[in-house]
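Here is what each chain is made of, one letter per residue.
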Protein chains: 2
Amino acid sequence: EIKAAMAAGDEAAAAKEQFRSKMNGALEQRLFYIPSFKIYGGVAGLYDYGPPGCAVKSNLQAFWRQHFVLNEAMLEVECPSVTPEVVLKASGHVEKFTDLMVNDVVTKDCFRADHLVEENLERMLADPMISADKRRELEDMLARLEEFTPEEMGDAITKLAIKAPETKNDLTAPYPFNLMFPTQIGPSGALQGYLRPETAQGIFVNFRDLLYYNGGKLPFAAAQIGQSFRNEIAPRAGLLRVREFTQAEIEHFVHPEQKDHSRFAEVADVMLSLFSRDAQLGAVKKPFPMTIGEAVEKGIVANQTLGYFIARTQTFLEKIGVNPERLRFRQHLQHEMAHYAEDCWDAEIECSYGWIECVGLADRSAFDLKAHSDKSKVELTAYERFAEPKMVETLVVEPNKKDMGKAFKKDAKAVTDALMALCQEDALALAAKVEADGKAELKIEGGSVEILPGMVKIAMETQKVSGRNFTPSVIEPSFGIGRIMYCMFEHSFYIRPEDEQKTVFRFSPIIAPIKCTIFPLVNDAGMNDLAGTISRVLATEGISSKLDTTAVSVGKRYARTDELGVPFAVTVDHRSLQDNTVTIRERDSCDQVRVAVDDVLPLIKKLCNLQATWEEATAGLEKQAAASD
Amino acid sequence: EIKAAMAAGDEAAAAKEQFRSKMNGALEQRLFYIPSFKIYGGVAGLYDYGPPGCAVKSNLQAFWRQHFVLNEAMLEVECPSVTPEVVLKASGHVEKFTDLMVNDVVTKDCFRADHLVEENLERMLADPMISADKRRELEDMLARLEEFTPEEMGDAITKLAIKAPETKNDLTAPYPFNLMFPTQIGPSGALQGYLRPETAQGIFVNFRDLLYYNGGKLPFAAAQIGQSFRNEIAPRAGLLRVREFTQAEIEHFVHPEQKDHSRFAEVADVMLSLFSRDAQLGAVKKPFPMTIGEAVEKGIVANQTLGYFIARTQTFLEKIGVNPERLRFRQHLQHEMAHYAEDCWDAEIECSYGWIECVGLADRSAFDLKAHSDKSKVELTAYERFAEPKMVETLVVEPNKKDMGKAFKKDAKAVTDALMALCQEDALALAAKVEADGKAELKIEGGSVEILPGMVKIAMETQKVSGRNFTPSVIEPSFGIGRIMYCMFEHSFYIRPEDEQKTVFRFSPIIAPIKCTIFPLVNDAGMNDLAGTISRVLATEGISSKLDTTAVSVGKRYARTDELGVPFAVTVDHRSLQDNTVTIRERDSCDQVRVAVDDVLPLIKKLCNLQATWEEATAGLEKQAAASD
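Residues numbered from 1 in each chain as written. Chains lettered and ligands numbered in written order. Predicted model: local features only at pLDDT ≥ 70, side-chain atom pairs only at ≥ 80, totals over all residues. Heavy atoms only, no water.

**Brief notes about the packing of helix H2 (residues 51-70) of chain B against helix H18 (residues 481-492) of chain B**
Residues and elements named next belong to chain B. Orientation of H2 relative to H18, taken along the N-to-C sense of each, is 115 degrees, at an axis distance of 11 Å. Between H2 and H18, the angle is such that the two are roughly perpendicular. Considering the relative orientation of H2 and H18, their crossing is right-handed. Here Gly53, Val56, Lys57, Leu60 and Gln61 of H2 lie close against H18, whose contacting residues are Ile481, Met485, Met488 and Phe489. Counted by class, the contact of H2 with H18 contains six nonpolar, two polar and one charged residues. (Axes fitted to C-alpha atoms, helices over the stretch in contact; angles between N-to-C directions. Helix = DSSP H or I, 4+ residues; strand = E, 2+ residues; numbered from the N terminus. Parallel < 35°, antiparallel > 145°, perpendicular 65-115°, else oblique. Left-handed = near helix turned anticlockwise from the far one by under 90°. Contact = heavy atoms within 4.5 Å. Nonpolar A, V, L, I, M, F, W, Y, C, P; charged D, E, K, R; others polar.)

In structure tokens, the structure reads:
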């Protein structure tokens, strides 16, 4: 029984491999991707986008900007990739953005420790003969692998007797390798820098200016689209784990006690596949369908703002062509979340590599702003006016200027500064000591002084306060553009049943690299002219088209346009020259209709703006047999 | 007389300073720019774009893509910034992309040697009492500064007795400092990388694939928009010399003997201000007006393709708002050009810092493809079929297999390979030696062998050849997006004569960060609703607008929209609620017209697409007095 299941599993894995290899062939053949620096043998984890890939990516980013930035009047910024160390120390990346690495003790070759352990565990688990106890132990190890300390990882390597993959030499103990690309800023070598590992930090450090730009009001969101860099130890999984990639990140700043969202009602009915913490830990371990409205109401998703962005992410991904049946939102387990995080969900898309994290949605509380405020000593807060002024117990510190001057002379200012800088606890302790002992020592810059009775008044007083400064919380939706694009490619790719050579990408018109192919049926001056005119008319409304005047058969030209995922094809034929009509073909159904030349632009425009489906837009039009195929 | 001229010069310089400081104030105040990592004290040469700056930049790039990439069906690619050393060794950047640096011998502080010498020369030249001979000598030194070898620069420092600026310590001898940011790719430290100093190399290394994508046909152009990085020694000139910036580069590949351009007639009448080599070296030293058609015909510009791109650059810059009277094309002097370059022109834009190089247009011949082909050993050529097959003298090398095998046994293949790899000259020399001496030595991998008569036939033979492989030339237009944007800001900025506080950017509608402000005259539910409706209608056609419902005066709201350079403002007033009309105001003339609500979209759309000027579009419409100001 186990063997049969494993055989079925092998078969499914082989089918996935075959699908992927076929699709990657189609992507490389038409230059959607090119391995970077290919003539020099390439560099692992670096890829170029060729012409159609570049167009798809640019369309995807433009739609992201429209769906998120413009729709909600977010403040978009653009910050450099080169980042000084201090920023990434504050964010924790210098200390913690690491993977565990081991070296072959002889060749010094580098390996990711978790990969080696994972491969060994999977190989052992593939053996149907191991005991149930052993299986449970190995599965538990596999599940916790990502959290292992260097010591635990070392223990696992020792226990499983793992050696270097090819040489079978011993391995060093695992140690953390920082995944940021290091660089030097300026000529002296004195300013350590890194390439940013995410775009978010550029937004956090600008919080003060952005809040000011927004008239001091919360909530508001800032966004950035740009390159991020991760110096992976051993990039694998092809286009999914790369060393340089485009991120699109949003930081939505909000009052920590007011996380409702004014437009939540617009999305409350959006249906999601939720893989909550409980579902993951329960017996069934399956996601369940639920509207975001219900999920927030039941407390499964922490608050409306986080829920709003989860729902908006769902509609975004559906619109660009991700299959909703292969999309789920997985909640982070408690141990996956940082201590400060309130709630985190990943949009995971299923592809031939499994379920891939493509968007992270996290309520990070006030962590990031506090971290940068602490490090930079610049206050990163917003102000709120209370509905009613409040009476608040406040520490009052009032140095006696005359006594200060007399006792400390030129140090008087330093002493005053030191007194004013005391926290409540220290100030009260000082006052108590002066009262008890008749004197107390105070540290000032470059030494210490003795405070005597009467020099300073320190007390708690009740004061009327009309507002306060506070550190906002941040809700962060973070999109990996390249991963989304790759998964979208997989969901869009198919092979026509009648011919294994005919590959198609069923791109949404908003994503397709070219919206329309236009071709004259045969090489004829009149047909060529009319085709050129149609192309120019489409261009006036920004609809990209490609004129194909090669003399090959219409069938071949359709196949070529299918390979690029062009949704519509206009053919100019003999009849066109008589009655000024042309045919339009839809890519996936291969349906053709005949329309007047003047109707081409409004029809294509409506289809490309998703204002109508093909069926709706062509209802009542003359159908054309696909004779020319 | 000299003193008066100098006083006038000082005054002009002061006016420029004042203009710049006023404009930079306006740019920073509205967050067009933000010094990067400002809360940590910033990093010289790194700037963020805030919300309106980001929108302007995004519009500028979109228009560039439309004007160049889409208009000419260029092949757009996107390559990584992280680049392995081998690529930049081939391109010459590792060896030559340097500035001369000196250090303070005590503090080790770094300075750009040419900056120090330049400052000293300018200070000395400012002295009206120096002799004419001395002046000539110093001016000559200043003109040649950029070409100085380290030795010449060192001599100049010694001669002028230059010390470190503040400490007055001695300086080290000048030495070259490479301006590329270094990094390490992968964990082992074995793969040296750099951040790319230009986007062009990513295109060159993809030439083979791109040619294939284009059906093997020339000419074609590829393009890339992306970040480039230069680790400047001491960034100054504010936003003009930065360490990370966006480039937009085109590589137009062409047959070296066919540099005519099929669309040259479309641009032949474009009038340019040309600062040719002759004009720079002549007595007058002034640019002259000439059409590009005439300039190519007279041989002032080397060929039609280079001329085509010069003209297209002129129209691009004019359309985005560069003042044509402050734009010129300066030809590189012979000594400024690399030895392989055929002709180079810079589009220079005048701003408060002087004439700034913003676009470089160069005919680089076959240099780049040859360099990468040599280094990678991958042939980067195109094929041309001759109109008629040609009879060509060709080297023929035919080893006698049987003799080879007998004489060299297992080395036979190595000997054959070595023979086939001989260049024509070496092959003929070998044959001559065998004939003369009865034997000749041949080097093979790992040793050498003796070639005897009869072992190989080496001769020149006439063969029929129907085509050939050749290395294409490349014409490279290279745009510095940030510099163009900064100069455009300067040309767009003005202060309303009636009020020094009222600053305006006269952005072209295609560049403006927001196309339209919409505001209700007073805070009224009906007015607010109508304003919201108009905003949504504009959004359906992708026209960005900003609703301003703050209760401040209309005059103040106009001033705010002027500061952002918003070209049009729609006001909803009391009359709107009665007759469904609104007013539209044009930013620069402050003219207002009254139009029906349904006409707002078509009118604004026509204006934003530059299909009509304000005067044309509003002819016949009811003018509205600007009473509400």
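Further notes follow.
**Quick notes on the interface of chain A and chain B**
On the chain B side, the residues contacting the 69 residues of chain A number 69 residues. A per-residue breakdown of the area chain A buries against chain B is headed by Ile39, Tyr40 and Glu78 of chain A, which together make up 14% of the total. Linking chain A with chain B are 22 residue pairs in polar contact (both at pLDDT 80 or more). Top element by residues in the side of chain A that touches chain B is helix H2 (residues 51-70) of chain A. It accounts for six residues. (Buried area = accessible area lost by both parts, 1.4 Å probe. Polar contact = N/O pair within 3.5 Å; in protein donor to acceptor, adjacent residues only side chain to side chain.)

**Some details on the packing of aromatic side chains**
On inspection of all chains with the given rule, the structure shows 50 aromatic pairs over all chains. A centroid spacing of 5.7 Å and a plane angle of 70 degrees characterise the contact between phenylalanine 19 of chain B and phenylalanine 493 of chain B, whose relative ring orientation is edge-to-face. Taken together, the residues span a long stretch of sequence, with phenylalanine 19 of chain B in helix H1 (residues 2-29) and phenylalanine 493 of chain B in strand S22 (residues 493-495) at a distance of 474 residues. With relative accessibility at 29%, the residue phenylalanine 19 of chain B sits in the partly exposed group. Through pairs of rings, three or more aromatic residues link up here, namely Phe19, Phe32, Tyr33, Tyr49, Phe489, Phe493, Phe505 and Phe507 of chain A. In this structure, arginine 20 of chain A packs its charged tip against the face of tyrosine 353 of chain A, placed 3.8 Å from the ring centre. (Phe/Tyr/Trp six-rings, centres within 6.5 Å; stacked < 30°, edge-to-face > 60°. Buried < 20%, exposed > 50% of the residue type's maximum accessible area, 1.4 Å probe, protein only. Lys NZ or Arg CZ within 6 Å of the ring centre and 35° of its normal.)

**Some words on helix H13 (residues 304-319) of chain B**
All names here are of chain B. The end-to-end C-alpha distance of H13, which contains 16 residues, comes to 22 Å, matching closely the 22 Å that a straight helix rising 1.5 Å per residue would cover. For H13, the tally of buried residues reaches 12 of 16 residues, placing the bulk of the element in the interior. Buried within H13 are the following residues: Thr305, Leu306, Gly307, Tyr308, Phe309, Ile310, Ala311, Arg312, Thr313, Gln314, Phe316 and Leu317. Capping the start of H13 is the job of one residue whose side-chain oxygen sits 3.2 Å from the backbone nitrogen of threonine 305: asparagine 303. Just beyond H13, the residue with positive phi is glycine 321, at close to 110 degrees. (Expected span 1.5 Å × (residues − 1).)

**Describing the pairing of strand S18 (residues 440-444) of chain A**
Side-chain positions along a regular strand alternate between the two faces of the sheet. Only one face of S18 of chain A is buried, namely the one carrying Ala440, Leu442 and Ile444 of chain A, since none of Glu441 and Lys443 of chain A on the opposite face is buried. Taking the residues that link successive antiparallel strands as the turn, the S18 of chain A-strand S19 (residues 447-451) of chain A hairpin has two residues, and the phi of glycine 446 of chain A there is positive, at about 80 degrees. (Pairing = 2+ DSSP bridges.)

**Here we look at the pattern of salt bridges**
Counting across every chain of the model gives 80 salt bridges over all chains. For the salt bridge of aspartate 140 of chain A with arginine 144 of chain A, the shortest nitrogen-to-oxygen distance reads 3.8 Å. Placement of both aspartate 140 of chain A and arginine 144 of chain A in helix H6 (residues 132-144) is noted, with a separation of four residues, approximately one turn of the helix. Among the ionic pairs, arginine 65 of chain B bridges to glutamate 76 of chain B, the shortest N-O distance being 2.7 Å. Remark: glutamate 76 of chain B occurs in strand S3 (residues 75-76) and arginine 65 of chain B occurs in helix H2; sequence separation between them is 11 residues. Here the residues in one salt-bridge network are Asp99, Arg112, Asp114, Glu232 and Arg241 of chain A, joined through shared partners. (Salt bridge = Lys/Arg side-chain N within 4 Å of Asp/Glu carboxyl O.)

**Examining the environment of aspartate 573 of chain B**
All names here are of chain B. Positionally, aspartate 573 belongs in the loop between strand S26 (568-572) and helix H21 (574-579). Sequence separation of aspartate 573 and lysine 217 is 356 residues, and the distance between their C-alpha atoms is 60 Å. Among all residues touching aspartate 573, those that are not within four sequence positions of it are Leu521, Met527, Thr583 and Arg594.

**Considering the side chain of glutamate 76 of chain A**
Classification of glutamate 76 of chain A as buried rests on a relative accessible area of 11%. A polar side-chain atom of glutamate 76 of chain A sits 2.7 Å from a polar atom in the side chain of arginine 65 of chain A. Those residues in contact with glutamate 76 of chain A that lie beyond four places of it in its chain are Arg65, Val69, Ala223 and Ile225 of chain A together with Tyr49, Gly50, Pro51 and Cys54 of chain B.

**Regarding unusual backbone geometry**
What you tend to see is this: most non-glycine residues have negative phi, and most peptide bonds are trans. Across the junction of leucine 218 of chain A and proline 219 of chain A, the peptide omega takes the value -10 degrees, indicating a cis bond. In this structure, proline 219 of chain A sits in the loop between helix H9 (207-213) and strand S10 (220-229). Phi is positive for leucine 610 of chain A, which is not a glycine, with a value near 60 degrees. Along the chain, the position of leucine 610 of chain A falls in the loop between helix H22 (597-608) and helix H23 (614-618). Even without a glycine there, the phi angle at lysine 168 of chain B is positive, about 65 degrees. Here lysine 168 of chain B lies in the loop between helix H7 (150-159) and strand S7 (175-178).

**Considering the relation of the copies chain A and chain B**
The transform that puts chain A on chain B rotates by 180 degrees and translates by 0.1 Å along the axis, for an RMSD of 0.2 Å. Taken together, the turn and the small shift mark the pair as related by a two-fold rotation axis. Closest to the rotation axis within chain A is the C-alpha of threonine 183 of chain A, separated from it by 2.6 Å. Residue by residue, 100% of the interface of chain A is reproduced at the interface of chain B, so both copies engage with the same surface. (Least-squares fit on C-alpha atoms with pLDDT ≥ 70 in both.)

**A word on the environment of histidine 335 of chain B**
Residues and elements named next belong to chain B. Secondary-structure assignment places histidine 335 in the loop between strand S14 (327-331) and strand S15 (343-351). Look at histidine 335 and you get partly exposed, because its relative accessible area is 47%. Taking C-alpha positions, histidine 335 is 9.8 Å from arginine 144, a pair spaced 191 residues apart along the chain. Polar contacts involving the side chain of histidine 335 include one to the side chain of glutamate 147, which spans 3.2 Å.

**Brief notes about the sheet that holds S14 of chain B**
Residues and elements named next belong to chain B. Reading across the sheet, the nine strands line up as S3-S10-S11-S21-S16-S15-S14-S12-S13 and stay open at both edges, with mixed pairing between neighbours. Here the strands that pair on one side only, and so sit at the sheet edges, are S3 and strand S13 (288-291). Two strands pair when backbone bridges link them, and strand S11 (residues 244-254) and strand S21 (residues 473-480) are joined in this way by six bridges, in the antiparallel orientation. Note that in S21 the partner of phenylalanine 253 across the bridge is valine 474. Strand contacts of H13: S11, strand S12 (271-275), S14, S15, strand S16 (354-363) and S21, with the helix running at about 145 degrees to S16, the strand carrying the most contacts. Packed onto the sheet, H18 meets S11, S15, S16 and S21 and runs at close to 140 degrees relative to S16.

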